[in-house]
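# Understanding the architecture of this molecule
Listed below are the residues making up each chain.
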2 protein chains.
Amino acid sequence: MTRREFINQSSLSIGAVYAALNAWGFIYPAPAGAFDLQKTDKTGKVLILGAGLAGLAAAYELEKLGYQCTLLEARTRAGGRIWTIREGTQETEIGGEKQIAHFDKGLYLNAGAARIPNHHELSIHYCRELKIPLEVFINMNEAAYFYAEGQGTLANQPIKIRQLHADLRGYTAELAAKAIHAENLDAELSSEDAEKLIAYLKAEGDLVKNNQYQGSERRGYGFAFGATAAEAPAPAFALPDIIKSGLLHPAFSNVGEYTYHQQPTLLQPVGGMDRLVEAFKEKVGHLITYQAEVKEIYNLESGVKVLFQNNSGKTQEITADYCICTLPLPMLKKVKSNLSGDIQRAADFVPYMKTGKIGLQFKRRFWEEDDGIFGGISKTNMDITQIFYPSYGFTNSKGILKGYYNFHERAVRFADLSLADREKQALAEGGKIHPQYATEFENSFSLAWHKIPFSEGGWADYKANDRKLYFPTLLKADGAVYFAGEHTTYLNAWMAGAFESARRVVKQIHERVQAD
Amino acid sequence: MTRREFINQSSLSIGAVYAALNAWGFIYPAPAGAFDLQKTDKTGKVLILGAGLAGLAAAYELEKLGYQCTLLEARTRAGGRIWTIREGTQETEIGGEKQIAHFDKGLYLNAGAARIPNHHELSIHYCRELKIPLEVFINMNEAAYFYAEGQGTLANQPIKIRQLHADLRGYTAELAAKAIHAENLDAELSSEDAEKLIAYLKAEGDLVKNNQYQGSERRGYGFAFGATAAEAPAPAFALPDIIKSGLLHPAFSNVGEYTYHQQPTLLQPVGGMDRLVEAFKEKVGHLITYQAEVKEIYNLESGVKVLFQNNSGKTQEITADYCICTLPLPMLKKVKSNLSGDIQRAADFVPYMKTGKIGLQFKRRFWEEDDGIFGGISKTNMDITQIFYPSYGFTNSKGILKGYYNFHERAVRFADLSLADREKQALAEGGKIHPQYATEFENSFSLAWHKIPFSEGGWADYKANDRKLYFPTLLKADGAVYFAGEHTTYLNAWMAGAFESARRVVKQIHERVQAD
């Protein structure tokens with residue numbers, strides 16, 4: 001039983017458990033998230049395929065235990081989908097044009113992973129262990145906008161999120177209060193409890209007499225709150241107008257920010273997500289062979305053999321006691337191997353997310369100066385789906401917006417445009433929310449993950465049946481080959497998945513080596 | 001009509017208005033919040049009473065216009081209620097013991113103003129103009145706790161806010177959906193609109209079939225989300241248990257974080273709120289006379305005369321063309337003057353908030369390491385009222401919590417304790433939420449604003465009648481004396497109030513001087 005399981009399964013109060021654990025010395029000095037494998041003389045040679053986060057973390061932990069690691073990385077850079085676009089970043093998508101980023105120094109776009117949830121212990125742990133400062137990633141900002149393109153009196157104009165939120169909370173609370181008064185409850189509430197619930201709903205929705213919603217100061221004011229005059233807040237939107245204008249569409253729902261993985265507080269490394277990659281490279285960067293494209297993987301009678309194409313286009317062979325394969329499944333699919341049919345089917349059939357982003361550099365932070373938007377996300381039913389405002393560099397002059405971050409068919413439509421047309425459409429759609437786009441835009445960098453070489457997808461997008469059919473096999477060794485990466489976890493798309501999987505395979509290998 | 005009024009009152013679309021303003025050159029190059037008074041040869045001597053934010057900003061703007069300013073400050077420091085407690089900070093409350101802060105270098109407590117709302121344009125403007133970097137102030141964190149002391153199965157234990165929020169949104173949405181199905185609506189909704197509203201409520205509350213709430217992944221898991229196993233979230237709390245445990249009490253309502261002035265995104269200066277004071281001091285610090293206690297204020301036939309007690313206890317006289325009095329009303333009340341009866345009544349009768357804070361330094365950030373709490377607020381119905389987690393220095397070793405921030409009678413009860421007993425009670429109550437208090441505590445610094453010399457209150461706490469009777473007179477000149485400070489605005493307790501009022505009096509004086 002782990003310390004954590006003990007804490008959670010105990011019927012004792014938290015305070016008592018904590019006091020006991022503390023007294024027993026169980027809590028100190030181990031920092032949260034430290035890996036507790038014991039180093040011994042029994043080690044081995046481990047070949048790691050892919051120098052993304054899973055590969056880097058596995059190498060880092062194995063080296064601590066005395067193993068000899070080699071990392072093969074197809075790209076000229078490490079980090080995989082931990083990728084921060086900066087001045088000079090180059091990329092050519094499959095079938096695409098060569099692109100070079102012209103962002104100003106100090107400005108960047110996290111093209112892949114961008115957020116760290118507060119309960120992703122390992123992501124935070126490695127930032128702590130590698131001394132990477134963290135700052136807040138703002139996922140929800142009431143000052144940002146909703147923009148519903150379509151019909152209705154509230155459509156086709158930016159609406160402050162605070163206005164919709166206040167109104168919808170108000171109307172919802174009013175309806176809920178009605179249901180209580182109708183004594184139409186499945187749950188039996190005493191009249192005293194019902195009164196407490198109504199008092200809560202009045203506060204939750206800012207209801208007035210008769211438990212009606214009639215607007216709220218929470219909606220804000222037509223202009224900045226004045227100093228010397230009492231101002232009336234803008235009147236509430238009528239509920240039918242909200243509905244007919246499309247503002248109840250899932251595009252505008254709060255689900256994203258309510259979900260366990262996107263609730264506040266979220267964090268990000270100061271200076272870009274690639275700070276994490278650079279920190280791992282300081283530890284294990286010397287073990288990486290770049291431009292090494294894995295072509296074939298074979299379990300031998302003992303150990304593994306991997307063939308890869310090196311940076312001069314020649315095929316090279318390498319052997320090791322064990323192999324950790326972190327290749328995304330669309331890449332594994334292309335590799336020749338004697339791996340099991342189960343593994344090969346997982347590589348063939350687990351779907352990957354189609355997703356894209358664009359970074360738009362502007363010469364002025366009009367979203368901060370004119371709109372009071374510091375970080376957060378505006379949402380729309382247009383193809384751009386959302387606009388992210390930077391959570392760093394507040395009040396600086398220039399800044400980079402994430403002009404779209406979209407998925408599925410919207411991502412495909414953008415991906416299929418030329419770079420110039422992606423930029424043009426991002427500016428056209430985003431310009432409906434921020435007319436300042438027209439005069440402030442400087443340059444862009446866009447990407448479609450399903451067209452990025454050596455990734456060919458955003459993340460493993462398991463459906464329930466895939467999870468049943470293909471997932472379990474990825475957790476076990478296939479001969480001497482182990483699989484790691486977010487696709488071998490339930491934490492898909494998250495760095496924490498890469499880290500958790502790296503620790504799983506390190507533990508599996510270490511236990512096997514000790515048992516030998 | 002101001003630019004902003006034009007934008008807001010126009011019936012044109014925002015885009016069209018913006019394009020027009022832009023074409024007319026109305027928008028550039030003036031940065032948001034710049035003060036647009038014209039400098040001329042007509043100026044004068046202005047005596048400013050109080051070197052808090054209102055006084056500093058007024059001096060800064062007047063000096064730009066060529067006026068000759070003198071600031072009298074009773075304390076040995078500038079900033080007033082913009083006060084950051086650091087290593088070595090000293091204070092002795094009225095009737096209290098001398099206190100010296102022993103916080104570690106780099107750690108601090110914002111004892112007064114701590115948050116900047118995203119729409120407080122002037123607060124943000126001055127940070128921009130004075131080149132003070134801003135970072136996020138986290139006001140709401142789903143990972144923090146509610147702790148209801150009292151009866152009920154959920155009382156007397158820390159409950160993750162995310163659990164309560166998910167459950168209450170779920171039950172509220174379920175009730176609201178019931179009301180719709182009961183066709184018991186005042187607002188007439190078409191059946192198509194009603195279905196859209198129900199779809200929204202299902203998403204809002206994470207409802208399952210029959211629009212029932214049965215728990216949600218939003219509540220999180222008993223332990224960190226695992227990598228390789230699908231886990232069931234902890235089951236929902238029963239609504240009657242929530243109610244009977246006191247968790248619908250106003251202490252736990254979302255009103256604070258919903259309100260216009262406390263919605264995300266909030267900001268804070270990097271390094272402490274006193275960075276703002278230091279920046280103003282670089283501009284006008286040489287104009288301040290410290291330890292100058294204002295005792296008498298007289299309008300003369302022309303100009304003003306002020307008597308103050310200087311740092312050697314002697315009474316000194318100073319005259320000027322105009323005076324800006326930023327003394328908090330409890331201080332003005334003690335001043336002898338020939339000011340109007342209306343002003344004197346305002347000073348006598350406008351109530352001020354009783355409020356206190358304590359900073360608790362801990363040798364380990366257990367709230368981050370053990371609880372995954374990065375910034376934000378835990379709330380309780382105990383006297384401590386709330387615990388604030390620092391929004392800076394994430395993953396550092398040590399940290400300072402705001403162990404209480406309370407108001408009214410709770411603040412009075414804490415204020416009336418000795419420093420040692422305040423600390424003891426803060427640790428005892430907070431320790432129920434964080435048992436780690438017992439082993440990690442290092443030192444504290446506490447304050448009660450109503451006992452702090454030269455403030456004697458948190459902020460002007462106007463009731464409706466006070467606003468009618470006493471407020472209007474504070475906006476007008478009394479002879480050559482003008483009044484500024486948060487108490488002369490509707491932005492009470494906010495730095496933006498101090499700034500708005502400073503600009504109001506600078507404008508009033510400048511216009512009068514130009515008209516002379």
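No experiment lies behind these values; they were computed from the predicted model shown.

With that out of the way, let us pick up the overall build of chain A. Assigned secondary structure in chain A consists of 17 helices and 23 strands. Computed over its C-alpha atoms, the radius of gyration of chain A comes to 26 Å, within 12% of the 24 Å expected for a compact globule of 516 residues. Dimensions of chain A, computed from the C-alpha atoms along their principal axes, are close to 80 × 60 × 40 Å. Counting across all 516 residues of chain A, residues that qualify as buried make up 61%. A fraction of 69% describes how many contacts in chain A between residues 6 or more apart in sequence connect residues 24 or more apart. Charge separation in chain A, taken as the distance between the mean sites of 57 positive and 60 negative side-chain charges, equals 4 Å.

In this section: the environment of G79 of chain B. All names here are of chain B. Looking at where G79 falls in the secondary structure, it is placed in the loop between β2 (68-72) and β3 (84-85). The exposure class of G79 is buried, given its relative accessible area of 1%. In the structure, G79 is positioned 194 residues away from M273 in sequence and 9.6 Å away in space, judged by C-alpha atoms. Here G79 is in contact with A51, G52, L53, L56 and V277, once residues within four sequence places are set aside.

Here we take up the pattern of salt bridges. Applying the stated criterion to the full structure yields 59 salt bridges over all chains. Across the salt bridge formed by E368 of chain A and R365 of chain A, the nearest N and O atoms sit 2.9 Å from each other. Each member of the pair, E368 of chain A as well as R365 of chain A, carries the same accessibility label: buried. A salt bridge links K178 of chain B to E174 of chain B, with the nearest nitrogen and oxygen atoms 3.2 Å apart. You can see K178 of chain B and its partner E174 of chain B sitting in helix α5 (residues 161-181), four residues apart, about one turn around the helix. The same class applies to K178 of chain B and to E174 of chain B, which are both buried. Connected through shared salt-bridge partners, E61, K64, E129 and R503 of chain A make up one network.

Let us look at the sheet that holds strand β8 (residues 134-137) of chain B. Residue and element names in this part refer to chain B. Ordered by their spatial adjacency, three strands build an open sheet running β7-β11-β8, and the pairing between neighbours is antiparallel. Either end of the sheet is taken by a strand with one partner, and the two such strands are β7 (116-117) and β8. Relative to strand β11 (residues 266-269), β8 runs antiparallel, the two being bridged by four bridges. Of the residues in β11, the one forming a bridge with E135 is Q268.

Counted by the stated rule, this structure contains eight cavities of 30 Å³ or more. A volume near 450 Å³ is recorded for the largest cavity. M140 and P264 of chain A together with M140, E142 and P264 of chain B are, among the 31 residues lining the largest cavity, the residues nearest its centre. Elements with a minimum of two residues in the lining of the largest cavity: β8 (134-137), α5 (161-181) and α8 (255-258) of chain A together with β8, α5 and α8 (255-258) of chain B. In terms of residue class, the lining of the largest cavity is built from 14 nonpolar, eleven polar and six charged.

Residues and elements named next belong to chain B. By the bridge criterion, six bridges tie strand β14 (residues 304-309) to strand β15 (residues 315-320) in an arrangement that is antiparallel. Pairing of V306 across the sheet is with I318, part of β15. Hairpin connection between β14 and β15: a loop of five residues separates the two successive antiparallel strands, and G313 in this loop has a positive phi of roughly 80°.

All names here are of chain B. Considering the arrangement of structural elements, one finds E91 in strand β4 (residues 90-92). Notably, E91 is buried but unbridged: the nearest opposite-charge side chain belongs to R75, and the N-O separation is 4.9 Å. Residues in contact with E91, not counting those within four places in the same chain, are W83, E97, K98, Q99, F445, I452 and P453.

Moving on to unusual backbone geometry. Residue P264 of chain A is joined to T265 of chain A through a cis peptide bond whose omega torsion reads 0°. Positionally, T265 of chain A belongs in the loop between α8 and β11 (266-269). The phi dihedral of K131 of chain B falls on the positive side, at around 60°, and the residue is not glycine. By the secondary structure assignment, K131 of chain B is in the loop between α4 (121-129) and β8. Under the relative-accessibility criterion, K131 of chain B is labelled exposed at 72%. One non-glycine residue, Q291 of chain B, adopts positive backbone phi at about 50°. Tracing the backbone shows Q291 of chain B in the loop between β12 (288-289) and β13 (293-299). For Q291 of chain B, a relative accessible area of 35% puts it in the partly exposed group.

It is worth spelling out the packing of α5 of chain A against helix α6 (residues 191-205) of chain A at this point. All names here are of chain A. Running from N to C, α5 and α6 point in directions that differ by 165°, and their axes come no closer than 8 Å. Classified by the angle their axes make, α5 and α6 are roughly antiparallel. Crossing hand, α5 versus α6: left-handed. Residues R169, G170, A173, A176, A177, I180 and H181 of α5 lie in contact with α6, whose contacting residues are A194, E195, L197, I198, L201, E204 and G205. Looking at the contact of α5 with α6, its residues break down into eight nonpolar, three polar and three charged.

Here the focus is the confidence of the model for chain A. The predicted coordinates should not be examined in detail at positions where pLDDT is low. Residues and elements named next belong to chain A. Of the residues in chain A, 91% have a pLDDT of 70 or more, and the chain-wide mean is 91. Taken as a whole, residues 1-31 scores under 50 in pLDDT and shows 36 contacts with residues more than four places along the chain or in a different chain. Interface confidence for the predicted complex, given as ipTM, is 0.92, next to a pTM of 0.92.

The next thing to look at is the sheet that holds strand β2 (residues 68-72) of chain A. Two modes of strand pairing occur in sheets, parallel and antiparallel, and in both the strands are linked by backbone hydrogen bonds. Residues and elements named next belong to chain A. Read across the sheet, five strands follow the order β12-β2-β1-β16-β23 without closing on themselves; strand pairing throughout is parallel. Edge positions in the sheet fall to β12 (288-289) and β23 (481-483), since each has one partner strand and no second. As defined by bridge partners, strand β1 (residues 45-49) adjoins β2 across five bridges and the pair is classed as parallel. Across the sheet, K45 pairs through a bridge with Q68, a residue of β2.

Evaluation of the coordinates by the stated rule reveals 53 aromatic pairs over all chains. Between the aromatic rings of F362 of chain B and Y437 of chain B, the centroid separation amounts to 4.8 Å while the plane-to-plane angle is 35°, which identifies the pairing as tilted. Taken together, the positions of F362 of chain B in strand β18 (residues 355-362) and Y437 of chain B in helix α15 (residues 437-440) put the pair 75 residues apart, joining distant regions of the chain. If you follow R169 of chain B out to its NZ or CZ, it ends over the ring of Y258 of chain A, 3.7 Å from the centre.

All names here are of chain A. Between helix α4 (residues 121-129) and helix α17 (residues 495-515), the shortest axis-to-axis distance is 7 Å and the interhelical angle comes to 85°. Overall, the two elements α4 and α17 adopt an arrangement that is roughly perpendicular. Together, L122, S123, H125 and Y126 of α4 and M495, A496, F499, E500 and R503 of α17 make up the contact between the two elements. Of the residues contributing to the contact of α4 with α17, the split by class is five nonpolar, two polar and two charged.

Moving on: helix α6 (residues 191-205) of chain B. Residues and elements named next belong to chain B. The first and last C-alpha atoms of α6 sit 21 Å apart over 15 residues, in line with the 21 Å expected at 1.5 Å per residue. Of all the positions in α6, only D193, A194, L197, I198, Y200, L201, E204 and G205 are classed as buried. On an axial view of α6, the arc spanned by its buried residues comes to 160°, and they lie on one face. Of the exposed residues in α6, those oriented more than 90 degrees away from the buried face are S191 and E192.

Residue and element names in this part refer to chain B. With twelve residues, helix α3 (residues 53-64) extends 17 Å between its outermost C-alpha atoms, agreeing within 8% with the 16 Å of an ideal straight helix rising 1.5 Å per residue. With ten of twelve residues buried, α3 lies mostly within the body of the structure. Listed in full, the buried residues belonging to α3 are L53, A54, G55, L56, A57, A58, A59, Y60, E61 and L62.

Let's shift gears to the environment of P264 of chain B. All names here are of chain B. Secondary-structure assignment places P264 in the loop between α8 and β11. Among the residues examined, P264 registers a relative accessible area of 27% and is labelled partly exposed. On a C-alpha basis, the gap between P264 and P117 in space is 7.7 Å, while along the polypeptide they are 147 residues apart.

The rules we used
Residues numbered from 1 in each chain as written. Chains lettered and ligands numbered in written order. Predicted model: local features only at pLDDT ≥ 70, side-chain atom pairs only at ≥ 80, totals over all residues. Heavy atoms only, no water. Helix = DSSP H or I, 4+ residues; strand = E, 2+ residues; numbered from the N terminus. Rg over C-alpha atoms; globule rule 2.2 N^0.38 Å. Buried < 20%, exposed > 50% of the residue type's maximum accessible area, 1.4 Å probe, protein only. Contact = heavy atoms within 4.5 Å. Lys, Arg positive; Asp, Glu negative; His and termini not counted. Charge placed at Lys NZ, Arg CZ, Asp CG, Glu CD. Salt bridge = Lys/Arg side-chain N within 4 Å of Asp/Glu carboxyl O. Pairing = 2+ DSSP bridges. 1 Å grid on protein atoms, 1.4 Å probe; cavity = no way out; pocket = protein on both sides within 12 Å on 5 of 7 lines; lining within 4 Å. Points joined across faces, edges and corners; volume = space filled by probe spheres on them. Nonpolar A, V, L, I, M, F, W, Y, C, P; charged D, E, K, R; others polar. Axes fitted to C-alpha atoms, helices over the stretch in contact; angles between N-to-C directions. Parallel < 35°, antiparallel > 145°, perpendicular 65-115°, else oblique. Left-handed = near helix turned anticlockwise from the far one by under 90°. pLDDT = per-residue confidence, 0-100. Phe/Tyr/Trp six-rings, centres within 6.5 Å; stacked < 30°, edge-to-face > 60°. Lys NZ or Arg CZ within 6 Å of the ring centre and 35° of its normal. Expected span 1.5 Å × (residues − 1). Arc of directions from axis to C-beta.

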